[in-house]
Amino acid sequence: MAYQPRAPNQSSGDENDSSRRLYNPYQDLQVPMQTLYKLPTSPEYLFPEESRAQRRSWGENLTYYTGIGYLAGASAGAAKGFVSGVKSIESTDTLKLKINRVLNGSGHAGRQIGNRCGIIGLLYAGLESGMVAFRDTDDVINSVVAGLGTGALYKAAAGPRSAAVAGAIGGVLVGLAVTGKQALKRYVPI
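So, here's what we can say about the structure. Since we're looking at a predicted model, the values are computed, not measured. (Residues numbered from 1 in each chain as written. Predicted model: local features only at pLDDT ≥ 70, side-chain atom pairs only at ≥ 80, totals over all residues. Heavy atoms only, no water.)

1. So, the pattern of salt bridges
Right, on to step 1. Counted under the stated rule, the structure contains 3 salt bridges.
Right, on to step 2. Here arginine 101 makes a salt bridge to aspartate 93, at a shortest N to O gap of 2.7 Å.
Right, on to step 3. Put simply, arginine 135 and aspartate 139 hold a salt bridge, and the shortest N to O gap is 2.8 Å.
Right, on to step 4. On the basis of relative accessibility, which here comes to 32%, the residue arginine 135 falls in the partly exposed class.
Right, on to step 5. A network of salt bridges, in which partner residues are shared, links Glu90, Asp93 and Arg101. (Salt bridge = Lys/Arg side-chain N within 4 Å of Asp/Glu carboxyl O. Buried < 20%, exposed > 50% of the residue type's maximum accessible area, 1.4 Å probe, protein only.)

If you want it as structure tokens, here you go:
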């Protein structure tokens, strides 16, 4: 039976037991909602050094870039696999075979491209965090050098010429991305 609050002048079944009262678990919740759910708007840090740094830690960077790379690569690979699966459908295939071709193509290409992009994100995050720790500053040079190193490391097994070309492509792509981000911050009000 639920607790039924009663007025203090109401009498209970036991008149001589006036030193006891029933427990009401809701009695302290009579506060305004604004004070109950007043949460801080700024981030909370354990150490003051963390509040001075305006960037993610190396572990957060590693997780973020690897995850974003894998997700983007898997999505693009699934779309590519979907197209190749639809193109490989033959006129004599049943509905189950058609669906199977599309799903197999999407899964296969999605896995391959997702893993490649995840590794590129992993290399980039590690190199960028290493550059920030080495130079003790966070600027555009770290990002561009990390892009150069990522491209070169990713294609290092294909030979020095391929590594140099991939490094140049990586550096240019990261440079364009950083420039585009700064232009968006400056010219697009968000």
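2. Some words on a nonpolar patch on the surface
Right, on to step 1. On the surface, Val165, Ile169, Val172, Leu173 and Leu176 cluster together into a nonpolar patch covering about 480 Å² of accessible area.
Right, on to step 2. Residue position: valine 165 is located in helix α6 (residues 160–187). (Patch = residues over 30% accessible without salt bridge, like charges linked within 9 Å, V, L, I, M, F, W, Y side chains within 5 Å. Areas by Shrake-Rupley, 256 points an atom, 1.4 Å probe, with all protein chains shown as cover. Helix = DSSP H or I, 4+ residues; strand = E, 2+ residues; numbered from the N terminus.)

3. Regarding the side chain of serine 129
Right, on to step 1. Inspection of the secondary structure puts serine 129 in helix α4 (residues 95–135).
Right, on to step 2. Sequence-distant contacts of serine 129, defined by excluding residues within four places in its chain, comprise Trp58 and Asn61. (Contact = heavy atoms within 4.5 Å.)

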